[in-house]
Amino acid sequence: MARFKEIVVALVVLLAVCCAIAMPIGMARDQAAIFGIILVTLSLWATGLVPGYVASMFFFAALLLTGLSTPDVVFSGFTSSAMWLIVAGFVIGAAITRSGLGARIGGLAQRHLSGSYPVLIGGLMLVSMLLGFVMPSSMGRAAVMVPIGMALADVLGLKPGNAGRTGVAVVIAIGTNMPSFAILPSNIPNVVMAGLADQLFNVQFGYTDYLLLHYPVLGVAKSIVIVGLVLMFFPARLTALQSHPDIPETASGGKQGMLLAILLVTLAFWSTDQIHGINPAWIGMATALVLMVPQFGFVPPPAFKSAIDVGTLFFIAGALALGVEANKSGLGDIIAREAFAWLPMHPGADFQNFMSLTLLGAGTSIFTTMPGVPAVLTPLAPDLATATGFSLEAVLMTQVVGFSTVVFPYQVGPFIVAMGLAGEPLRWLLKVTLSLCLLTVLFLIPLDFLWWKLLGVI
């Protein structure tokens with residue numbers, strides 16, 4: 001396996017050098033070189049040939065040493081709100097574990113989810129989906145669900161290194177993010193697309209109409225497929241179905257109550273961020289600050305040092321910066337416009353047009369990450385509408401099908417956050433995202449097309 005990974009990375013390096021020299025599809029020399037660096041970085045992350053933070057350091061060093069980018073762009077991941085939300089998540093997770101609250105919640109959840117491993121995975125997916133209706137932030141949902149899921153895994157005997165524990169982390173990472181693409185205010189790309197559509201074309205989307213159009217397939221059907229893939233790739237049996245021993249109701253119990261109150265206040269602020277406008281990351285930081293006060297005893301200094309995984313933070317910073325670099329360099333625009341010119345789109349060929357538009361969105365997201373797709377494709381919507389014969393609204397809505405079709409885990413910031421909080425390598429998600437992408441193209445996108453036809457959208 002190690003030899004295979006080395007061969008793959010070597011071939012990608014060769015391809016990257018060829019791209020830098022040949023400058024394909026109208027790229028300038030600097031853009032072609034950046035494209036090559038991105039390809040090598042992605043190959044290192046995907047194969048796991050080196051730790052993720054080493055690949056991120058390669059990305060940083062290659063761009064800065066060659067003068068292809070500036071420090072404010074290269075290190076933008078460290079200033080991203082996602083970075084600080086995961087730091088807050090580490091602190092919150094440490095407090096939940098140290099206080100015994102996680103074990104207690106896990107013990108309570110065990111009564112409903114411990115019937116079997118499929119029940120556990122399906123139940124976690126269902127809870128994650130429901131949170132999408134009350135918590136607008138994907139990262140906030142991950143910060144809530146990961147500590148609970150990991151505590152439940154401990155109660156049920158799914159220890160570190162167990163495939164079932166990885167399955168729990170994967171289903172929470174995907175479940176707290178992907179179904180919410182079908183809920184208008186619950187994912188950043190949705191909001192960006194809706195805001196640009198209103199600003200550029202005076203087109204507004206209603207909550208209910210958006211939900212009806214997308215949730216049956218992107219929310220329900222895709223979630224069922226995800227559960228099936230997790231069960232297939234991460235099979236396990238629950239071997240510790242006995243009740244978890246009670247936590248003594250002494251000072252520890254009082255501390256658990258105080259921590260629960262703090263977390264409920266945090267959850268309330270996360271759930272109402274559209275009202276008060278405070279970024280979920282800053283809410284998480286405020287909670288982390290309270291928990292780190294030594295006098296409270298939730299996360300004393302030694303526990304803080306052990307809770308923060310610096311390697312994970314460096315990996316996340318690299319993954320977040322990659323999307324920024326792709327956008328800043330103009331690679332996303334070049335690739336999207338080139339694909340637009342080559343895709344087979346003709347008025348009257350509805351299914352062919354629908355597939356072309358959704359694949360355009362999916363392909364663009366590889367080089368811009370999810371929030372960048374609407375910024376690239378929304379201005380092209382009138383041209384795409386003319387080429388396909390679809391209404392402007394229908395063309396805009398195909399973006400949702402496109403940017404919710406994930407190929408690589410690095411494209412989705414909340415995936416990175418959730419797996420980092422769970423302490424599981426991001427590469428385990430690759431099995432699911434690649435398989436889900438294939439099944440989406442073969443089955444779910446055609447199913448979506450039929451649903452849109454039934455509704456009369458196209």
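What you are looking at is a predicted structure, and each value in this text was computed from that prediction instead of being measured.

Draft legend 1. Structural detail: the overall build of the protein. Summing up its helical and strand segments, the protein has 24 helices and zero strands in all. Computed over C-alpha atoms, the radius of gyration of the protein comes to 22 Å, within 12% of the 23 Å expected from 2.2 N^0.38 for 458 residues, which places it in the range of a compact globule. In terms of its C-alpha atoms, the protein occupies a principal-axis envelope of roughly 70 × 55 × 45 Å. Going through the 458 residues of the protein one by one, you find that 55% of them count as buried. When contacts within the protein are restricted to residue pairs at least 6 apart in sequence, those whose partners lie at least 24 apart make up 77%.

Draft legend 2. The arrangement of the packing of aromatic side chains in detail. All chains considered together, the criterion is met by 11 aromatic pairs. Between Phe 59 and Phe 60 the ring centres are 6.3 Å apart and the planes differ by 55 degrees, which places this aromatic pair in the tilted class. Considered together, Phe 59 and Phe 60 belong to a single accessibility category, that of buried residues. Through successive ring pairs, a cluster of aromatic residues spans Phe 59, Phe 60, Phe 75, Phe 78 and Phe 314.

Draft legend 3. Focus on the environment of Ile 445. Turning to its location among the elements, Ile 445 is positioned in helix α24 (residues 427-455). Accessibility expressed as a relative area gives 1% for Ile 445, which makes it buried. Distance from Ile 445 to Ile 86, taken between C-alpha atoms, is 33 Å for residues 359 residues apart in sequence. Non-local contacts of Ile 445, meaning those with residues more than four positions away in its chain, are made with Phe 354, Met 355, Thr 358, Val 401, Thr 405 and Thr 440.

Draft legend 4. Main features of the side chain of Thr 166. Here Thr 166 is to be found in helix α10 (residues 163-175). For Thr 166, a relative accessible area of 6% gives the class buried. Within polar-contact distance, the side chain of Thr 166 engages the side chain of Glu 424 at 3.1 Å.

Draft legend 5. Highlighting the side chain of Asn 190. Tracing the chain through its elements places Asn 190 in helix α11 (residues 188-201). The exposure class assigned to Asn 190 is buried, which follows from its relative accessible area of 0%. Polar contacts involving the side chain of Asn 190 include one to the side chain of Tyr 210, which spans 3.5 Å. Contacts of Asn 190, omitting those with residues within four sequence positions, involve Ser 180, Phe 181, Ile 183, Leu 184, Tyr 210 and Phe 403.

Draft legend 6. Fine view of the nonpolar core. Counting 150 residues, the largest nonpolar core has Leu 120, Leu 124, Phe 205 and Leu 291 as the members making the most contacts within it. Per element, the largest residue contribution to this core is 11 residues, and it comes from helix α6 (residues 81-99). The residues contacting Leu 120, other than those within four sequence positions of it, are Leu 113, Leu 152, Leu 156, Leu 158, Val 168 and Leu 238.

Draft legend 7. Broad picture of the pattern of salt bridges. The full count for this structure, using the stated rule, is two salt bridges. The partner of Arg 165 in a salt bridge is Asp 154, with the nearest N and O atoms 2.6 Å apart. With Arg 165 in helix α10 and Asp 154 in helix α9 (residues 138-155), this pair connects stretches of sequence that are 11 residues apart. We classify Arg 165 as buried; its relative accessible area is 9%. The residue Lys 453 makes a salt bridge to Asp 350 at a minimum N-O spacing of 2.7 Å.

Draft legend 8. Representation of helix α15 (residues 280-292). Compared with the 18 Å implied by 1.5 Å per residue over 13 residues, the 18 Å span of α15 between its first and last C-alpha is a close match. Looking only at α15, the buried set comprises Pro 280, Ala 281, Ile 283, Gly 284, Thr 287, Ala 288 and Leu 291. Seen from one end, α15 has its buried residues packed into an arc of 155 degrees, which puts them on one side.

Draft legend 9. Inspection of unusual backbone geometry at higher detail. The phi dihedral of Asn 202 is positive, around 60 degrees, even though this residue is not glycine. Summarising the element assignment, Asn 202 is placed in the loop between α11 and α12 (207-233).

Draft legend 10. Summary view of the packing of α10 against α24. Look at α10 against α24: their axes get within 10 Å of each other, and the N-to-C directions meet at 60 degrees. Our classification of the angle between α10 and α24 gives oblique. Between α10 and α24 the crossing geometry is right-handed. When α10 is examined against α24, the residues Thr 166, Val 170, Ala 173 and Ile 174 are found in contact with a partner set consisting of Trp 428, Leu 429 and Val 432.

Draft legend 11. Fine view of the confidence of the model for the protein. Confidence in the prediction of the protein, expressed as mean pLDDT, is 84, and 93% of residues score 70 or more. For the protein, per-element mean pLDDT is lowest for helix α7 (residues 101-113), which scores 71, and highest for α10, which scores 95. Contacts of residues 242-251 to residues separated by more than four positions or lying in other chains number 11 contacts, the stretch itself having pLDDT below 50.

Draft legend 12. Expanded view of the environment of Arg 98. Relative to the helices and strands, Arg 98 resides in helix α6. Owing to a relative accessible area of 49%, Arg 98 belongs among the partly exposed residues under this scheme. For the pair Arg 98 and Gln 256, spaced 158 residues apart in sequence, the C-alpha separation works out to 9.5 Å. Beyond its immediate stretch of four places on either side in the chain, Arg 98 contacts Gly 297, Phe 298, Pro 300 and Ala 303.

Draft legend 13. Structural view of a nonpolar patch on the surface. A cluster of nonpolar side chains, Trp 84, Val 265, Phe 269, Ile 278, Trp 282 and Met 285, forms an exposed patch at the surface whose accessible area comes to about 540 Å². Counting only elements with at least two residues in the nonpolar patch, the list comes to α13 (251-271) and α15. Following the sequence through the fold, Val 265 ends up in helix α13. Taking relative accessible area as the criterion, Val 265 reaches 46% and is therefore assigned partly exposed.

Basis of the calculations
- Residues numbered from 1 in each chain as written.
- Predicted model: local features only at pLDDT ≥ 70, side-chain atom pairs only at ≥ 80, totals over all residues.
- Heavy atoms only, no water.
- Helix = DSSP H or I, 4+ residues; strand = E, 2+ residues; numbered from the N terminus.
- Rg over C-alpha atoms; globule rule 2.2 N^0.38 Å.
- Buried < 20%, exposed > 50% of the residue type's maximum accessible area, 1.4 Å probe, protein only.
- Contact = heavy atoms within 4.5 Å.
- Phe/Tyr/Trp six-rings, centres within 6.5 Å; stacked < 30°, edge-to-face > 60°.
- Polar contact = N/O pair within 3.5 Å; in protein donor to acceptor, adjacent residues only side chain to side chain.
- Core = buried A, V, L, I, M, F, W, Y, C linked by side-chain atoms within 4.5 Å.
- Salt bridge = Lys/Arg side-chain N within 4 Å of Asp/Glu carboxyl O.
- Expected span 1.5 Å × (residues − 1).
- Arc of directions from axis to C-beta.
- Axes fitted to C-alpha atoms, helices over the stretch in contact; angles between N-to-C directions.
- Parallel < 35°, antiparallel > 145°, perpendicular 65-115°, else oblique.
- Left-handed = near helix turned anticlockwise from the far one by under 90°.
- pLDDT = per-residue confidence, 0-100.
- Patch = residues over 30% accessible without salt bridge, like charges linked within 9 Å, V, L, I, M, F, W, Y side chains within 5 Å.
- Areas by Shrake-Rupley, 256 points an atom, 1.4 Å probe, with all protein chains shown as cover.

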